[in-house]
Amino acid sequence: MNLSHVPAPFAEDPPPAPKEHRGDDRWILLRPHDTVQVRDGRTFDGGTGGIAETVHPWPSTVAGALASKDGGLGGEPESVRGPILARRMEGHTEEWLSYFRVPLDLYRPRTDDTDVRRMSPGEREEGVFTDLDEVTPGLRMFTAHVKDQGSGTDGEKAPEPIDRWMSGEALQNYLHGDLVDFGAEVPEDELDLADEKPLEPELRVGLAIDPETRTAKHGALYQATHLRLHERWAFAAHVTPHPGRHRPLEKVTGPVRFGGMARMADIDPAPGLEWPERPSSFPDGRLLLYVATPGVWPKGWLPPIENSGAELIAALVDAPLAVATASPDRDARKFRSTRFLYYAVPPGAVYLMKFPNADDAERWAERYHGRALPLPKHIHRPADVRLATAGFGVVLTGVWS
């Protein structure tokens, strides 16, 4: 993601510091009745060749559903952190396990192998400069093992990240430095990957509607890709309600609109769900930052850590996600004023930070682990946009050496 991918406009308004974890925080599940359709923001026309693509529900999709007056909280919660995916445990009807994107520095060194190798932060060769030096001088790049780096000839390909979901327990081992060292290999079983794809695409056929007459447009058929959760899977989020202002979370059961105007989801409690625990110490002030939900930040790929006192040592980020957001309204003018497009850092991105000492790193991790990084600037549109409290940019902290 380059620096041109900046979700402007940002305005100079320092946000309040994150609040401490409270006793009324709750994990909840969103369990769709049917398929989910969340548009990717690209325009399309009904008729020959018209195809509407869908994406994984954004944090704003979940936050909007929970704020619903019908079946939801009846107003915006203080914050929503998610969504992640959750799977019901085998043989249990009420216990759930969390799942996260595999970190981008893990890859399969050989296409026919079941082992996984971890990239290493490479040293910058003398005399090599990049456009990133204007913002982060001397930034080191993650590199694959020399034997695994495809040359692009004779059909060789560079290693690709593992586009799968790993359990929260395995991710916790990764964050604690117990899963695999830089440059080392580990059996794929250690990642505790989901046995199936939690979300399966389904192709549907639709008919465009005239917004004025609310009747079908002649010859305006189109294709739309929907996503269906497998049985035993659900979307999950960690919610902090406004105490006394909305319905108690335990009384919020849905159904609420989710992933389409006519598509509904139930809201259930999520027993057993927790964020992976952070390490208890960070030797030499070395802290690993893992992005759990899409990060929309003022400087594109660069997390808002300029006031942390830490140096950014290395970064590994995949292609940006185009995030389209809007608030439904039958008034077309109001609806258009709520539409906006952002470019987000995808979940699984990894950053290596270096604090002056272990105590500073531990205090920072305690403050932000399992929370969204604070934006140094608010986004202003006709109404303020609260991306951090809507679940964008939630991070987890780990160690590196």
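Scroll up a little and you will see the structure.
Overview of the structure.

Rules of the game
Residues numbered from 1 in each chain as written. Predicted model: local features only at pLDDT ≥ 70, side-chain atom pairs only at ≥ 80, totals over all residues. Heavy atoms only, no water. Helix = DSSP H or I, 4+ residues; strand = E, 2+ residues; numbered from the N terminus. Contact = heavy atoms within 4.5 Å. Pairing = 2+ DSSP bridges. Polar contact = N/O pair within 3.5 Å; in protein donor to acceptor, adjacent residues only side chain to side chain. Buried < 20%, exposed > 50% of the residue type's maximum accessible area, 1.4 Å probe, protein only. Arc of directions from axis to C-beta.

A word on the overall build of the protein chain. Regarding its fold elements, the protein chain presents four helices and 24 strands. Taking as baseline every contact in the protein chain between residues at least 6 positions apart, the subset at least 24 positions apart corresponds to 76%.

The next subject is the sheet that holds strand 11 (residues 185–187). Spatial ordering of the open sheet is given by 6-7-11, a layout of three strands whose pairing is antiparallel. Where the open sheet ends on each side, the last strands, each with one partner, are strand 6 (106–107) and strand 11. Relative to strand 7 (residues 115–118), strand 6 runs antiparallel, the two being bridged by two bridges. Each residue of the ladder has a partner; that of Leu106, found in strand 7, is Arg118.

Here we come to the side chain of Asp25. Mapped onto the elements of the fold, Asp25 is located in the loop between strand 1 (10–11) and strand 2 (26–32). For Asp25, the side chain forms a polar contact with the side chain of Arg81, separated by 3.3 Å. Setting aside residues up to four positions removed in sequence, Asp25 forms contacts with Arg81, His238, Val239, Thr240 and Arg371.

Our next topic: helix 4 (residues 358–368). Three or more residues of helix 4 are buried, namely Ala361, Trp364, Ala365 and Tyr368. Down the axis, helix 4 shows its buried residues gathered within 100° of arc, on one side only. In helix 4, the exposed positions angled more than 90 degrees off the buried face are occupied by Arg363 and Glu366. On its buried side, helix 4 packs onto strand 17 (286–291), strand 21 (350–354), strand 22 (371–372) and strand 24 (394–398). One side-chain oxygen of the residue at the start of helix 4 lies 3.1 Å from the amide nitrogen of Asp359, identifying that residue as Asn357.

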